[in-house]
Every structure is written in C-alpha cells, then in structure tokens.
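Chain by chain, the residues run as shown.
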Number of protein chains: 2
Amino acid sequence: MKTEKAVNSPVQTPKKTKASPGQTASNKSRTDKKNNSPKNVAKMKIIPLGGLEEIGKNFTLVECEDDIIIIDCGIKFPDIDMFGIDYVIPDLSYLEDKGHKIRGLFITHGHEDHIGGIPYFLKKFPNVPIYGTKLTIGLITNKLVEHRIDKKTTMHTVSFGQIANVRGFSVEFIPTNHSIADSAMFYIKNKAGSLFFTGDFKIDLTPVDGQIIDLARIGQIGLEGVDLLVSDSTNATRKGYTQSEKTVGESFDVLFTNVKKRIVVATFATSIHRIQQVFDAAKQHRRKVVISGRSMVNVVGVARELKYLKFKDNILLDIKDLPKTHPEQVVLLTTGTQGEPMSALSRMAYGEHRQLSITEKDLVIISASPIPGNEKSVANIISELMKLGADVVYQGAGQVHVSGHGCQEEMKLIHALVKPKYFMPCHGEYHMLRTHAQLAESMGMSKNNIFLMQNGDVLQLDTESAKISGSVPSGIVFIDGTGIGDVGTIVLKDRKRLSQDGLLIIVATLDDHGLISGPDIVSRGFVYMRESEKLLSDAKNLCERVIKMNYFGYSDYSSIKNTIKFELERFLYDRTRRKPLVLPILMSAKSNLAKQIDRMRG
Amino acid sequence: MKTEKAVNSPVQTPKKTKASPGQTASNKSRTDKKNNSPKNVAKMKIIPLGGLEEIGKNFTLVECEDDIIIIDCGIKFPDIDMFGIDYVIPDLSYLEDKGHKIRGLFITHGHEDHIGGIPYFLKKFPNVPIYGTKLTIGLITNKLVEHRIDKKTTMHTVSFGQIANVRGFSVEFIPTNHSIADSAMFYIKNKAGSLFFTGDFKIDLTPVDGQIIDLARIGQIGLEGVDLLVSDSTNATRKGYTQSEKTVGESFDVLFTNVKKRIVVATFATSIHRIQQVFDAAKQHRRKVVISGRSMVNVVGVARELKYLKFKDNILLDIKDLPKTHPEQVVLLTTGTQGEPMSALSRMAYGEHRQLSITEKDLVIISASPIPGNEKSVANIISELMKLGADVVYQGAGQVHVSGHGCQEEMKLIHALVKPKYFMPCHGEYHMLRTHAQLAESMGMSKNNIFLMQNGDVLQLDTESAKISGSVPSGIVFIDGTGIGDVGTIVLKDRKRLSQDGLLIIVATLDDHGLISGPDIVSRGFVYMRESEKLLSDAKNLCERVIKMNYFGYSDYSSIKNTIKFELERFLYDRTRRKPLVLPILMSAKSNLAKQIDRMRG
C-alpha cells in the first residue's frame, strides 16, 4: 500500500480566518465574497447516489467543472425480500465514463455504511486515492487486505484541522462525535462555492476519548459563509438531545459493581468508545477480558495498534484459560447484538458455540439497539439466553446503549452554527429527511432553500442560486458471493417464488416418434413427495396427455412447454391452492433412423 | 348451524357464594374444602399445546379423568424463515385418540390467535361444541361460513355471569377488558380442583362499552379458593398500568377538531372499541365514514348486527360517492396497520389501489403498534404515505394507540384478587413468562408453586399438590394453501436454500449405449443465464465428462447423480461463492434393441 504522511501529501493546515468581532450574521461575509468574485460562474453539482430515503450505502458525489470528489462509499444490508443477497451498493453507471475526473474518495468515518463499498468501487476505479482520519484509514486498510487490493491503493491520512487539497477542491477535516472514534465533518470549497457535510454525528460534551466536536471551528466556518449544508437526519424524529456515551460507562460501573457472575457484553465491533468503557470497567473491577468473534478481534486489534483503544496486555484472557478462571473475574466481549445467526452471541444462545456456553452464572449485556428489521431476531436471542438461565440487560431494561446520532436539538445547533444559505438533509428514510427539513424551516429557513432529494437527483449550485437541475442514473447493485450485479430483479423474483411454494420440474425426452422417456416429475420445496403420490401421479398423467396430444414429430417444443405449464399450474392451484414454479424440460433425442441419416451424410 | 340459546343449553347462572365478612385469606376456605372432601383423589392435567414461549396459537387443554375441555384454538403467523407458510397451528397428535373425551372448546375472545385454528380443529373433531360470548360466537360463525362448515357445528352463546356445564367441568364466564369487545375470563372447576384462566386482559376502568372487568366477582372467586391461576404475560416486562382505551378517543377528538383534511384511520378490524371511537369522533365532527377492506367490512358488519358497534346508517358513505364529497367531511376506516402488502392501506401507499389515492389532503392515523417483526414494513408504509404528501400520525408521534394487555400493576392486581395456590404464566415469549413468574414471586408466592412451562408440558394438580408430571407430543403444523401439515422441515429447508441461491438443473437422457440427449442445464434464481454463458457451458462440459467417465451401460444412476452434484457444487462455489441447489436428473431411454426384445417378449 502506498500510504503518504499528511505532511508530504496534498494536505495542509488551514489559515484560520478570524471573524471580525462585530460580525454576527453570515450574510455579510457572503455578500463580501460575492463582491470579491463577481465573475465566478462555475457551477457545483451535488449528487447523492446513496443514503437518501434509506439508511445505508452512503455515497455522495460533488462535481465542479472537470473535477469530482466522492464522500463516503458504503454498503447497505439487504431488505427482507432481497433473497440471498449479501450486500447492496449504489449503481455507479453515472461515473462509468468519468473515472479520469475523480480526484479522491473522502471518508467521514469507518462504519460499513460508509466504507463497505470501497473494495467494489476500487475494482472499477483502482486509481482513486482515499482520504480519511487515522482510524478510518486503518479500518479501510484492514478491509482492503481481506480483498487483497491494499497494495494498489493510495491512502492519505488526514489530521483534524488539516485541509486536503485535490484538483478543484479543498476539504477540511473537522472532528465530530459519533459511535466510532475519529469521525470527521467536511468543509468543502471549490470555485462554485462551499459545502458543509456533517457525516454521521452527535454532540457529546463528555466523549470517552475527550475529542469533542469542534463547535468553535464550525461556528467560524459559518461566519465565513457556507452555501450548502448537507446534514445527517437519522434521529430527526427524536426530540431533545442524545445522551453522552459516558452514561453507558456509568451503567457498566453499576452493573460491574453489583453482579457476582460472569459478564458478557455484546456490542458492535466498531463501537470503539463502548469497548474502551468495557475495558475500563473490567480494570476497575478486576476482571479479565476475553475477546470473542472474528470482527471483534480484528477491529480491537486495529484500534489498539493505532492507540484508539488503551488497555494493558495483562487484562486479556485467552479463551482457553476460561475454565481455570472464576466467572466473577471475567468479562466476555463479543458481537451479535442484532441476532445475526452466525455471530458468537447467537451461537452461544443456541448452544452451538464450540468453546463458550451460557449458564445461570452469566449476565449478558446487549449494548446496542436493534436495527429496524432485526427486532424479532434480537428478541429471540434474548429469550434463548434467558432460557439458559442467564440474566439479560438490554435496551429498555437498562441504560446500556446510547445512539451515535444527534437528536433534534443537536441538528438545530449545527444549523445555527453553520448558517447555511441552502440545506439538503441526508442519511435517512424519507420521513426522517422530511422532519429534518421541517426543523430547518422552523428555524426560519425558506422552504425554497431546502432540497428534499432522492438518490440520483442533481442539486446545482453557484454563488447566485441553487436548484434541482435534473437527475442521473441511480439505483442498486446486488452483491451475491463474488458476483457484483449479476443478480437482478428477475433472478430475485424467481428466488422469491421458489421460496414461497418451491418448484415442480417435468422432464421428458422425445424423438421423432414421440416420448421415449418420461415424463418424470421432480419437486423441491413444494410438498412431501412421498405423502403426495396421488397428486404427483395425476400431474404426471396430465403432462403425458398434453405431450401426446400436442406432439407430432417436429412440433414446436416451446408451445408444448407453455401448454404443460399452463395446465399444470391450474391443476396444482386447484388441488393445493399453491403456485409452485412449474418448469417443463423437453429433451430431444434423435431417432435411430435420423442418426443413420446423419452418419450417411457425415 | 345449530345454535342453542344459553337458557336451553347446559349453561346456568351461578349461585354466588357469599364470603363471610371476616374472611380475608383464601387459605381458610381451601382448608374447609379439603376437610369436606378428604377422599378426593382425582387429578387434573393442564397441558398447553400453544401460547407458551411465543405470541400466538393459544391452545390449552384441561383434562380430568375421562373428560377434556380446550381453552382457545388460535393460529400464529409464520416466522420469517417459514417460507411460503400461511399460518401455524399447534400439533394436536396428543388428542388423536381422545376425540371422544373432548367436551367443549371454550373461547375467551374473538382474535385470530384464539379462534383462527377452529376450522382446522373441527376437521379433526367435528362434533366438539363451541362455547363463547355473543360477539365471539358471531366472529367464529363468520369464519366457519367462509370455510363452509358452519352448518355442522354446535355453538353455545354464554352470557357473562353464567356457568357452562359440560361433563366433568363447570366454566364460569367473567367479563374482562381487552382490545376486542366481549372478552371473557374463565373460572373452571372439576373434581380435582379449580382453575382461573384470564385469557388476554387489561383493566380498563373507563372502557368504551362501559363493561368493566368484574373485579368484585374475581375477588369473590379468590375467597372461594383457587388452586391454579393461568394468566396472560404479554406485557409482563412493562411497568405500571396500561392506559384506558378512552384516551385514544380523546386523541381522536383533538385530531378531528384541528385537521382540515380527509382523515384516514387504519386499525385492526377486530378492534371494535377503537372503531366505535372513530364513528363517535366522525359523528361529533360531522364527517361521513367510508369503510374499506374486506375484513373491516366483515367484522364491522357482524359487530354492528350484534349491537357491539353503534352508529346510524346515514353516517356511512359509499366509496363511489367519495369524489362528490369534500375531504374535510370524510373519514376513511381501513386495515393494514402492519404494512401487510395486500391491505388497503398498503395499496394506497404504493399507489396501487383502484379507488382510493392518498394526497397532501390526507391525514393518516395508524392506530396500532407494529407487531414484532413488522417494524420495517410499517416504517416503509409511513415513508410512502409521507412521500405522497400525507401527514401521518403513528405510535410515538401521538397517543393514537393503547395496548390491549395489562402491564405489571394489572397483573399483580389479578394475583392479589385470585390469591391462587399455584401459578402458571401463559401467553408470551419466554422472557415475558419469566418476568411474570418473578412478579408473582415478588408478591410472596413460593418459587415451588410457580410453573414456568413449555408447550406440551403437563401440569398435574390435585387438592394436595401440583407438579410437572411429564410432557406430551407438541409442536407446530404448517398451513400452506389447502394443505395442513403436508409441508414440513425438509420442504422448508429446500425453500430456504432455493430462496438464497436458486437452483441448477442438469438433465440428460441415457440409453444402453450412453448419452442420447443432453446434458442440458436449466437454472432459476441463480444468475442471469444470458450473462453467464461461459460459466454454464463450463458446467455443462463438466457434467458431460462426469457422465461419460462413469456410465457403462447399466451403471448405478444414483451414484452418477451424486458425483455430478458433488463436482458441480464445488465448481460453482469456486466460481461464484454461491451454493445453488444442484439437481441432476438422469432419464433412461431404452435402446431400440431393448425395445425389440420387449416387443418379442410381449
């Protein structure tokens, strides 16, 4: 991998503009700017290709003349009806012929919905350099190593307060708070104007690592005059403030003080602050920590190496030494808060873990809230853990999780500081985006200056005006195994149908004179074949009749197949009220006569 | 249908025993009872076949000597991994040879998880009479008419305060509150003892229909001495009290007063009280009501006919008169609160409803909370409605729904009144049952007297003692189309696999001399066939090689099929990291020689 140190890279520390003391509104400075550059007619386009009207696959493109930068490159987990799909990424057709214009991929933080798409992106655009803070670059590197493409990629580590300059753009990295360390907001400038991009954020005045969101710098930027604010909407429907991450540490402390059992803490592997607080509580209460689960081991490794996690070697306990250690002296740190079937916690809950088992001597803390869609599987895990006798503390039953996203008051505070001319809510389902837009309106922003967009919409901006000027191709691409985009709606439709009622295959071989083998019926996922002999033999007879009535030597196979399909579907629906996929396969075998003729000709 | 009026049926009004004024504990009366019948050695068995460690398919059996009664007979909606299944009902193998002993099916109330299984039950046990209150019997009748088995079934309507006597049992019907009208609790007595069965309940001191749970009678029963309490655990993890249904009416009133738009209210068709409040608010604010959705029309029809819903004809508006009516004068009452794809609300949200469309002139009230597992689809519906411009009020955004189940304080109140000797929590996931058990413990009940059971466990009870004496066959039966139990785990496993990666079929026809047709490859739900020509032709060549290397005239087909399966699965996984179901079909065609020999023999 070609990593370049910030000092050697196109990254510099900003000359901070000092706002004049009497200057209270941004309008003045904006007017000044306009006066200074009256002939500036460059236009900037902001095009979200992912992250609007959804949670996940964040991907926003900023284009100005011949230069493009991209902010975040995430994946999304599949919806319930995307059968068999591993991940979803944005459709990047728009960039197809624009690879030479992309100056950089700027990543706000190291969550999968912001970095997960990078390996797939780099397959198409291998030369695009990546910019991020230290931990973010560390986690991306980890991912690229897994995909064996780390050696080909140029990575730039940017410190907070520094500006990364690429052709056409400057991007300043501003520290913010979120559920992962080293999260950045971006202040982006180009010929056409300026853009403040929050990424995921909350305002945590007592963060675990002491790195508070740089509200002063944000205020200063606001005074400089920001044209467009693009801001996270995840918690837009929640009133008030999100609590500090430290409140979770306080809950841990109470639990660790009172519990005379082994403690199992499940959380996201990337929740570095949460994990630090588990280590802190363990140290305080003289417990050893066992780390279980591949992603937890990986991320803790990277974060510790980069000094985002601080603990001594002697606090770690090897899993094989567990039997020798008293339960009261152990914390087991693991993943699986979403009830993922293959996670360590899930395997423990269902008694399928090779090395770890849960008993009444365990207190399990589920330190996360269910992602929408996972509520049922999380509830199932909790029930299973309780059946094994464990006590379980989870969202609602104790303060063991706080959100990584700010609520309404925090969103409003950012608006108040940035004082943007225009606003585009991002990152969230439609109702979150809309509520965020309403919040901006309630603060006095004109409805005309707020852009409620969809993925693919183009927001065009210059110093004079902003408008939605059209839209570009956008959509979703499925990742299934090693396939990128080789599964689409037809394949998914088949999978869905197969999942509902299974299938019935009818095979027959024909030569010039008629049936020489079959019809045979094979079914899967439809009925127990052994218990449905009558049904299947009736179906077989029906097919045989259809073939015999329609086949005259060189008949049109596809028409016979359609007739079989039609008749059989009707028959099966009448008998079972089900609609399995009916798949007739007619094979053609040449008659001996035909073969002899062939041979003579040959 | 043979309905019998309560007065002609084995139903009588109880002689109420008057508790002597000084009598405060139940122990005294229980002791008296024991003294009065010291030689009574009859045993009662309580066997839940559904409803424990789950929400749904409630089915509890009470057996005493040669007599059995059944309480409730519900369905459950399928889990996410039960592909294509319509409903789940309990496995009733235990009753297989006991049909002649079943004296009655006693139904607490008319929700699907209590009555939905009745048609399937009656297919096996057509002669069992059904007992319920008026509305419950009305809704069951409606269901049996749909299944065309209403004429064969004996139904007994029981009024509150009456006792239904069947051989071996007396069952007193006590009014309770729940989200459907006419819900009953049962006080059951037989030779071996007594049992208080709550069914679903809450304590609503201002119910919409004025029918308050009969706390006085429950207290009196407690003084008589109850051996076993079986009580609803749905809200066991929620502290405090559930709010009165009337609070929803108050919210309706505020909304109806302030909103100058058409109002759409979505709720469950069986939420009779909720529906009454919609009609009341409509009347108050001079709006007409349009009813949309088959189940809503059905249930409102039954409930109104039986006088559980009260409104005048002139408040109803026909859907075809909507265009002529001002939006501010209309309430649209519909179903679809769970985001069910075929519901009226869902079709409106996705713009697929033939007659109704949603615009910015609508306020949509979703008067229900998502059932666990439906959160995502409900959120999607809300977003779609908002995209159409509608305002949406839902759980969390306004007090437009209250639970039909009591919280901890209500559960404890029932315990305090019933004063049971033994307790079995029912109706709920494991963690709810366990929390309910802990509540009972916290009230001073001995852990030994609390039975945390699973479906199929047998609780054996006599006047002296209670214990879990064993277990009987229990489990689940899938309803898929018209099939009852013809789909099981193997079929579901196939459906799951098909849903993940689709399938690949290899067909070839062989005669004595070898391949005469194929191998051909057909795939569904795997990859786009057109874009994967190379992959599929390589797969085909692989199969051809396997067949040619392994076929020698009369080889063992199944061994060749296994080899094809093994080789092809490996090949496909290497190339795609997917595991489609590989289905080799080898057909045998007799050679002409063999045919001639056959003919000569014939």
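Above this text sits the structure in question.
Residues numbered from 1 in each chain as written. Chains lettered and ligands numbered in written order. Predicted model: local features only at pLDDT ≥ 70, side-chain atom pairs only at ≥ 80, totals over all residues. Heavy atoms only, no water.

### Some details on the overall build of chain A
Step number 1: Across its full length, chain A carries 16 helices and 27 strands.
Step number 2: Dimensions of chain A along its principal axes, counting C-alpha atoms only, are 100 × 70 × 50 Å.
Step number 3: In chain A, buried positions account for 58% of the 602 residues.
Step number 4: Excluding contacts between residues fewer than 6 apart, the proportion of contacts in chain A whose partners are at least 24 apart in sequence is 73%.
Step number 5: Averaging the locations of the 79 positively and 67 negatively charged side chains of chain A gives two centres separated by 2 Å. (Helix = DSSP H or I, 4+ residues; strand = E, 2+ residues; numbered from the N terminus. Buried < 20%, exposed > 50% of the residue type's maximum accessible area, 1.4 Å probe, protein only. Contact = heavy atoms within 4.5 Å. Lys, Arg positive; Asp, Glu negative; His and termini not counted. Charge placed at Lys NZ, Arg CZ, Asp CG, Glu CD.)

### Overview of the relation of the copies chain B and chain A
Step number 1: For the pair chain B and chain A, the superposition axis carries a translation of 0.0 Å, the fit reaches an RMSD of 0.1 Å, and the rotation angle comes to 180°. Both chain copies can therefore be described as sitting about a two-fold axis. Minimal C-alpha separation from the rotation axis in chain B is found for B:Ser499, amounting to 2.4 Å.
Step number 2: A high fraction, 100%, of the interface residues of chain B reappear at the interface in chain A, so the copies pair face to face through one surface. (Least-squares fit on C-alpha atoms with pLDDT ≥ 70 in both.)

### Focus: the packing of aromatic side chains
Residue and element names in this part refer to chain B.
Step number 1: Enumeration over the complete set of coordinates arrives at 21 aromatic pairs over all chains.
Step number 2: Taking the centre distance of 6.2 Å and the plane angle of 55° together, the rings of Phe59 and Phe121 count as tilted. Placement of the pair is Phe59 in strand β4 (residues 59–64) and Phe121 in helix α3 (residues 118–124), with a sequence separation of 62 residues.
Step number 3: The exposure class of Phe121 is buried, given its relative accessible area of 1%.
Step number 4: Centre to centre, the rings of Phe279 and Phe311 are 3.9 Å apart; their planes meet at 0°, and the pair counts as stacked. On the criterion of sequence distance, the pair formed by Phe279 in helix α7 (residues 272–284) and Phe311 in the loop between α8 (294–305) and β17 (330–334) is long-range, its members being 32 residues apart. (Phe/Tyr/Trp six-rings, centres within 6.5 Å; stacked < 30°, edge-to-face > 60°.)

### Quick notes on the nonpolar core
The nonpolar side chains of a soluble globular protein tend to be buried with one another.
Step number 1: Residues B:Phe59, B:Leu95, B:Leu105, B:Ile118, B:Phe121, B:Ile130 and B:Ile365 are the most contacted members of the largest nonpolar core, which totals 62 residues.
Step number 2: Counting residues per element, this core draws most heavily on α7(B), at six residues.
Step number 3: If we ignore the near neighbours within four places in the chain, the residues touching B:Leu105 are B:Ile70, B:Asp72, B:Cys73, B:Ile118, B:Phe121, B:Val128, B:Pro129, B:Ile130 and B:Tyr131.
Step number 4: Among the nonpolar cores identified, the runner-up in size contains 61 residues, and A:Phe121, A:Ile180, A:Phe256 and A:Phe311 belong to it. (Core = buried A, V, L, I, M, F, W, Y, C linked by side-chain atoms within 4.5 Å.)

### Observations concerning the sheet that holds strand β27 (residues 581–588) of chain B
Residues and elements named next belong to chain B.
Step number 1: A sheet is described by the order of its strands in space; here three strands give the open sequence β26-β25-β27, paired in mixed fashion. Since the sheet does not close on itself, it has two edges, and those belong to β26 (514–524) and β27, each with one partner. Ignoring strand direction, the axes of neighbouring strands in this sheet form an average angle of 15°.
Step number 2: Pairing of strand β25 (residues 503–511) with β26 involves eight bridges; the strand directions are antiparallel. Paired with Thr509 across the bridge in β26 is Ser517.
Step number 3: Here helix α14 (residues 533–550) sits on the sheet in contact with β25, β26 and β27, set at roughly 145° to β26. (Pairing = 2+ DSSP bridges. Axes fitted to C-alpha atoms, helices over the stretch in contact; angles between N-to-C directions.)

### Some points on the sheet that holds strand β26 (residues 514–524) of chain A
Residue and element names in this part refer to chain A.
Step number 1: The sheet built from three strands is open, its strands ordered β26-β25-β27 with mixed pairing. Two strands in the sheet have a free side with no partner beyond their single neighbour: β26 and β27 (581–588). Direction aside, neighbouring strands of the sheet carry axes that sit 15° apart on average.

### Thoughts on the pattern of salt bridges
Step number 1: A complete count under the given rule lists 66 salt bridges over all chains for this structure.
Step number 2: Between B:Lys57 and B:Glu54 there is a salt bridge, and its shortest N-O distance comes to 2.9 Å. Each member of the pair, B:Lys57 as well as B:Glu54, carries the same accessibility label: buried.
Step number 3: Between B:Asp538 and B:Lys534 there is a salt bridge; the shortest N-O distance is 2.8 Å. With a gap of four residues between them, B:Asp538 and B:Lys534 both fall in helix α14, about one helical turn apart.
Step number 4: Residue B:Lys534 is classed as exposed on the basis of its relative accessible area of 56%.
Step number 5: Linked through salt bridges whose partners overlap, the residues forming this network are A:Glu172, A:Lys189, A:Arg217 and A:Glu224. (Salt bridge = Lys/Arg side-chain N within 4 Å of Asp/Glu carboxyl O.)

### Regarding the side chain of A:Glu410
Residues and elements named next belong to chain A.
Step number 1: If you trace the backbone, Glu410 turns up in helix α11 (residues 408–418).
Step number 2: For the buried Glu410, which has no salt bridge, the nearest side chain bearing the opposite charge is Lys202, at an N-O separation of 6.3 Å.
Step number 3: Among all residues touching Glu410, those that are not within four sequence positions of it are Phe201, Lys202, Ile203, Gly240, Tyr241 and Thr242.

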